[in-house]
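These are the residues of each chain, in order.
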Amino acid sequence: MTHAGSIASSLAPDGLKPGGTESESHPWKIRLVEHPKRFESSFFRAAKKTAHKILDEMSDADLPYGSRPTGSGHWEMHHGGSLWVKAERGWRMYRARVGIEWSMQFCAEPVKVDRLRQEAAELVDAFPLTLPALAELGYEEATDLLRTPITDADGVEAWTDSLFNACVPMTHDNHQGILPKVPGEHHYPWPVKGADFVRYDDFQLWVTLPDGTHGAVAPVDRRGSGDGHVRLMHVPEGSRAADALAEAQDLGLMAVLPPNSSAALQAFAGQIGPGRRTAAGPPAPDGAREHDPGAR
């Protein structure tokens, strides 16, 4: 890896020396216990029911994260800060400054959660069609949720499982998936995972690195520039590339792989012609491109 625009032949760039590893003689243990039985609160049941009604009204093009589940799949509701509003052209979902995972409610301070409530109320007030539409769908508690200050754990629970936090609709893979199949939001950083919903279909965000681990890469320049370098955005802890990526971030640099690297060739496989040994150069004509391996 090197700075953008230069060539590297291995994962460890010449200008960045790995920081080594550390170990301690003091032992530590993590206890694995059975998860307490999860129950669905009345707040969550009402929110999910409403979210499904909203999704039934939406066109496929307006869904916030990918297509509808198919076959035996079903919508999973992610506690990710789901701010649903009714606009002139239909339902829209925005995301709150932060979402509160179900388990995180037990460390959530009411006054900080109340700030989320206030911000949600301000957004909903900008869309006056929202509350009447929610009432028509049977979600009459929306007004109380938005107008009642959150001062205790009961208020935190109600907000955590409400339509305004708990109903980011995702397929199972996008919610909880793990590479090499599909990266889910629970296991991969959102600033990287979010690119799955805005990237070109013929760009492969997630690639297999030489050591067999999976990482995420991004182009270093705009489409059509001919620059085939890719910037390494994410690797799992334990990957051979992890130390170099961490050090690059500490130094305010980019960790970049060259156009002839396997990562770059995978990333641009949907744009380059068959037999190409470099991702550099203009994209191949549509009919002469490599088979797109598909979005992970």
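Remember, predicted model here, so these are calculated numbers, not experimental data.

Basis of the calculations
Residues numbered from 1 in each chain as written. Predicted model: local features only at pLDDT ≥ 70, side-chain atom pairs only at ≥ 80, totals over all residues. Heavy atoms only, no water. Salt bridge = Lys/Arg side-chain N within 4 Å of Asp/Glu carboxyl O. Helix = DSSP H or I, 4+ residues; strand = E, 2+ residues; numbered from the N terminus. Buried < 20%, exposed > 50% of the residue type's maximum accessible area, 1.4 Å probe, protein only. Phe/Tyr/Trp six-rings, centres within 6.5 Å; stacked < 30°, edge-to-face > 60°. Expected span 1.5 Å × (residues − 1). Arc of directions from axis to C-beta. Contact = heavy atoms within 4.5 Å. 1 Å grid on protein atoms, 1.4 Å probe; cavity = no way out; pocket = protein on both sides within 12 Å on 5 of 7 lines; lining within 4 Å. Points joined across faces, edges and corners; volume = space filled by probe spheres on them. Nonpolar A, V, L, I, M, F, W, Y, C, P; charged D, E, K, R; others polar. Polar contact = N/O pair within 3.5 Å; in protein donor to acceptor, adjacent residues only side chain to side chain. Pairing = 2+ DSSP bridges.

*Asks:* Tell me about the pattern of salt bridges, and please be specific about residues and values.
*Replies:* Applying the stated criterion across every chain, the model contains 13 salt bridges. Of the charged contacts in the structure, one is a salt bridge between aspartate 125 and arginine 147, with a shortest N-O distance of 2.7 Å. With aspartate 125 in helix H2 (residues 110-125) and arginine 147 in helix H4 (residues 142-147), this pair connects stretches of sequence that are 22 residues apart. Residue aspartate 125 is classed as partly exposed on the basis of its relative accessible area, which comes to 43%. Residue classification places arginine 147 among the partly exposed positions, given a relative accessible area of 40%. One continuous salt-bridge network, built from bridges that share partners, spans Arg97, Arg115 and Glu119.

*Asks:* So, the packing of aromatic side chains: which residues are in play, and what are the values?
*Replies:* Under the defined criterion, the tally for this structure stands at 8 aromatic pairs. Centre to centre, the rings of tyrosine 65 and phenylalanine 197 are 4.8 Å apart; their planes meet at 55°, and the pair counts as tilted. Taken together, the residues span a long stretch of sequence, with tyrosine 65 in the loop between helix H1 (42-57) and strand E1 (76-78) and phenylalanine 197 in the loop between helix H7 (190-193) and strand E5 (206-208) at a distance of 132 residues. Given a relative accessible area of 11%, tyrosine 65 falls into the buried group. Of the residues examined, phenylalanine 197 reaches a relative accessible area of 24% and is grouped as partly exposed.

*Asks:* Let's hear about H2: which residues, and what values?
*Replies:* Count 3.6 residues to each turn of an α-helix, and residues three or four apart come out pointing the same way. Helix length check: H2 (16 residues) gives 22 Å between terminal C-alpha atoms against 22 Å at 1.5 Å per residue, within 8%. When H2 is considered as a whole, its buried residues turn out to be Val113, Asp114, Leu116, Arg117, Ala120, Ala121 and Val124. Mapping the buried residues of H2 onto a view down its axis gives an arc of 155°, with all of them on the same face. Along H2, exposed side chains directed more than 90 degrees from the buried face belong to Val111, Lys112 and Glu122. Among the structural elements, strand E2 (82-87), helix H3 (130-136), H4 and helix H5 (153-160) are those in contact with the buried residues of H2.

*Asks:* Quick one: what's the story with empty space enclosed by the protein, residue by residue and with numbers?
*Replies:* If you walk through the whole model with that rule in mind, you get 1 cavity of 30 Å³ or more. In this model, the largest cavity occupies a volume close to 30 Å³. Lining of the largest cavity is provided by Arg231, Leu232, Leu245, Ala248, Gln249, Leu253, Met254 and Ala255. Those elements that provide at least two residues to the lining of the largest cavity are strand E7 (230-234) and helix H8 (242-250). When the residues that make up the lining of the largest cavity are grouped by side-chain class, the tally is 6 nonpolar, 1 polar and 1 charged.

*Asks:* Give a detailed account of H8, specifying residues and quantitative values.
*Replies:* For H8, the set of buried residues is Ala242, Ala244, Leu245 and Ala248. End-on view of H8: buried residues confined to an arc of 170°, all on one side of the axis. In the core, the buried residues of H8 are packed alongside E7. A positive backbone phi angle near 70° is found at glycine 252, which sits one or two residues after H8.

*Asks:* Quick one: what's the story with the side chain of arginine 199, residue by residue and with numbers?
*Replies:* Tracing the chain through its elements places arginine 199 in the loop between H7 and E5. Among the polar contacts listed, one links the side chain of arginine 199 to the backbone oxygen of phenylalanine 203, at a separation of 3.0 Å.

*Asks:* Quick one: what's the story with the sheet that holds E5, residue by residue and with numbers?
*Replies:* Taken in spatial order, the 4 strands make up an open sheet running E5-E6-E7-E8, and their pairing is antiparallel. If you trace the sheet from one side to the other, it starts and ends with E5 and strand E8 (256-257), each paired once. Alignment of E5 against strand E6 (residues 214-219), held across 3 bridges, turns out to be antiparallel. Residue tryptophan 206 lies in a different strand from E6, and its bridge partner there is alanine 216.

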